[in-house]
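Chain residues, written in single-letter form:
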Amino acid sequence: MEKALIALAAALAVGLPAIATAYAQARIGSVGAGTIAEKPETGGIIIILEALPETMVILGFVVAVMLILQFA
Amino acid sequence: MFLKDLKDLPENYGYLNARLRAHFSDFLVKEDYRRLAFRRLEEIEVFLLETRYGKSFRKSLVEQPLSTRRRIEVALADTSADTLNHARKMAMGEPEDLMTVLLARADLHNGRLLLRYYFTGALYEGHPQWHGYGTLPVTFFADLWKSHSITHVIDKCLAFDHQLSRALGRACGQVAKGSSLPASERIFLSGVLTYLDEILDSHRTKDSALVRELLGRSIDIWNMNIWSRVAAGVLPGEKAGELFIEGGYSLSADRLRNSSRPEDLLASTPWETILGRFQGGPAEMVTGRAMREFWKWQIAQRRKDLLGIEVATAFIAHQLLEWQNLNALVVGVDMGLEVDTIIDKLVLTG
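All values derive from a computational prediction rather than experimental measurement.

Caption draft 1: Expanded view of the overall build of chain A. The helix and strand tally for chain A stands at 3 helices and 0 strands. Relative to the compact-globule value of 11 Å for 72 residues, chain A shows a C-alpha radius of gyration of 17 Å, a clear excess of over 25%. Once the C-alpha set of chain A is aligned to its principal axes, its extents read approximately 55 × 15 × 5 Å. A total of 72 residues make up chain A; the buried ones form 15% of that total. For chain A, restricting intrachain contacts to residue pairs at least 6 apart in sequence, the fraction spanning at least 24 positions comes to 73%.

Caption draft 2: Region of the structure containing the overall build of chain B. Scanning chain B for helices and strands turns up 19 helices and 0 strands. Computed over C-alpha atoms, the radius of gyration of chain B comes to 21 Å, within 12% of the 20 Å expected from 2.2 N^0.38 for 350 residues, which places it in the range of a compact globule. With the C-alpha coordinates of chain B rotated into their principal frame, the extents come out at 60 × 55 × 50 Å. In chain B, which comprises 350 residues, the proportion classed as buried is 37%.

Caption draft 3: Seen up close, the interface of chain B and chain A. In this complex, chain B contributes 8 residues to the contact, which on the side of chain A involves 10 residues. By residue class, the composition of the side of chain B that touches chain A is 4 nonpolar, 2 polar and 2 charged.

Caption draft 4: Summary view of the environment of S268(B). When you line up the elements, S268(B) lands in the loop between helix 16 (262-266) and helix 17 (285-300). The spatial distance from the C-alpha of S268(B) to the C-alpha of S250(B) is 9.3 Å, given a sequence separation of 18 residues.

Caption draft 5: Structural context of the packing of helix 17 of chain B against helix 18 (residues 310-335) of chain B. Residue and element names in this part refer to chain B. One can describe the packing of helix 17 onto helix 18 by two numbers: an axis separation of 7 Å at closest approach and a directional angle of 135°. One finds that helix 17 runs oblique with respect to helix 18. Between helix 17 and helix 18 the crossing geometry is left-handed. In this structure, helix 17 uses W295, Q298 and I299 to contact helix 18, whose residues at the interface are T313, A314, A317, H318 and L321. When grouped by side-chain class, the residues that make up the contact of helix 17 with helix 18 number 5 nonpolar, 3 polar and no charged.

Caption draft 6: Layout of helix 13 (residues 206-231) of chain B. Taking 1.5 Å as the rise per residue, helix 13 of chain B with 26 residues should run 38 Å; its terminal C-alpha atoms sit 36 Å apart, in good agreement. One or two residues past the end of helix 13 of chain B sits G233(B), with phi positive at roughly 80°.

Caption draft 7: Summary view of the nonpolar core. Residue and element names in this part refer to chain B. Counting residues in each nonpolar core, the largest one holds 74 residues, and the members touching the most others are C172, V192 and A312. Considering every element that reaches this core, the biggest residue donor is helix 18, with 13 residues. The contact partners of V192, leaving out residues within four places of it in the chain, are A104, D107, L108, L164 and A167. Among the nonpolar cores identified, the runner-up in size contains 15 residues, and W227, V230, L256 and I274 belong to it.

Caption draft 8: Quick peek at the packing of helix 8 (residues 105-119) of chain B against helix 12 (residues 181-201) of chain B. Residues and elements named next belong to chain B. As a packed pair, helix 8 and helix 12 sit with axes 10 Å apart at the nearest point and diverge in direction by 155°. Here helix 12 runs roughly antiparallel to helix 8, going by the angle between their axes. The two elements helix 8 and helix 12 cross, and the hand of that crossing is right-handed. Between helix 8 and helix 12, the residues in contact are D107, L108, G111, R112, L115, R116 and F119 and L181, S184, E185, F188, L189 and V192, respectively.

Caption draft 9: Fine view of unusual backbone geometry. Residue and element names in this part refer to chain B. Although it is not a glycine, D161 adopts a positive phi angle of roughly 55°. Looking at where D161 falls in the secondary structure, it is placed in the loop between helix 10 (150-160) and helix 11 (163-177). D161 sits in the exposed class, given 8 other C-beta atoms within 10 Å. Unlike most non-glycine residues, S268 shows phi in positive territory, near 60°. Residue S268 is classed as exposed on the basis of its 8 C-beta neighbours within 10 Å.

Caption draft 10: The arrangement of the environment of R112(B) in detail. Relative to the helices and strands, R112(B) resides in helix 8. For the pair R112(B) and V339(B), spaced 227 residues apart in sequence, the C-alpha separation works out to 31 Å.

Caption draft 11: Up close: the confidence of the model for chain B. Residues at a pLDDT of 70 or more form 96% of chain B, whose mean pLDDT is 89. In the predicted assembly, ipTM is 0.73 and pTM is 0.88.

Caption draft 12: Main features of the environment of P65(B). Residue and element names in this part refer to chain B. Among the structural elements, P65 can be located in the loop between helix 5 (54-63) and helix 6 (68-90). Taking the C-beta count within 10 Å as the criterion, P65 has 8 such neighbours and is therefore assigned exposed. Taking the C-alpha atoms as reference, P65 lies 22 Å from L329; in sequence the two are 264 residues apart.

Scoring rules and cut-offs
- Residues numbered from 1 in each chain as written.
- Chains lettered and ligands numbered in written order.
- Predicted model: local features only at pLDDT ≥ 70, side-chain atom pairs only at ≥ 80, totals over all residues.
- Helix = DSSP H or I, 4+ residues; strand = E, 2+ residues; numbered from the N terminus.
- Rg over C-alpha atoms; globule rule 2.2 N^0.38 Å.
- Buried ≥ 20, exposed ≤ 12 C-beta atoms within 10 Å, placed from the backbone.
- Contact = placed C-beta atoms within 7 Å.
- Nonpolar A, V, L, I, M, F, W, Y, C, P; charged D, E, K, R; others polar.
- Axes fitted to C-alpha atoms, helices over the stretch in contact; angles between N-to-C directions.
- Parallel < 35°, antiparallel > 145°, perpendicular 65-115°, else oblique.
- Left-handed = near helix turned anticlockwise from the far one by under 90°.
- Expected span 1.5 Å × (residues − 1).
- Core = buried A, V, L, I, M, F, W, Y, C linked by C-beta atoms within 7 Å.
- pLDDT = per-residue confidence, 0-100.

This is the structure in structure tokens:
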């Protein structure tokens, strides 16, 4: 039972930030595509902006790994 | 099915608005107008040649010999239509539908030109500068203009089989029956509004609500125009009742019928701000002042919601206002008016 709860916590730690990241990237992506279409020189900045929300998932993944290593 | 789902995504606004916002820097600013007002017509043309209007200038230089003023007018009209049509092509799903509604003012403008032409007996030999960014093609209006017979125009409107052309056909029918020009225009405007309402009915969002508000404000301006004609004694009061259009944003039918002064009409409405500039001026000035406020309201939408129809609303208004301002400026310079008089005629924002 305890292991199942830990697994669930780890899944949530990755899953919820992943949804939030997807939401943010969808919006940044569409706006970024529009911006690059008009000003191609902004491509580098847009890629950085598009990648920023990824940190949420990475942090979530780290938390999930810590949960599993600590308690499982 | 997948593509149908994509059409409803809010990201459509993000893409469109990013592209539109990149073009806001192309518009002329107050200082440009002030500088141009001091120049001669040829100097204005040279200035415009270096801007996005240059492409159209070069085209008209090669294709047809025109006077400098006419060349500028053609370049302004062509470039404005190209810009707005291009903007609509960038939209998809709801933004595309809402932009169709916003750009229907071209059909309204063209239709009213045509109604006036046939109302006055189709005597004018030249052809007008059509607004080429609406739903109905410019070639349709140009063909109607050349018909020279109101009966042929009605037949062609009905044969074209579009809700807007049928509305124009009904309005032309009124002209043929000998109705007044405002009554005929009212029929056309009502037909256009019915068509636009049907488009808006398929979108129940805060963005479609904004476009509805814009249409409501346009109706207010039509009603103010009728009201000011009554106040000026040009139109009998008893006829005005049937010329008002229901569904305005803030001016109710009762208020329009029972107000005799601009203060009574506009107090406690969003149009109240224009009262301060009246200072006891004639009632006929109401419409002109309201139109200025309407432009400013549209342009002020620019930063209200960067992921909504507000950006497109402001973009369209910016483009049309620039066209109107440059036209006024060119006419003023060509007529040799004082700089201050010219600047006073322009609607400068930002």
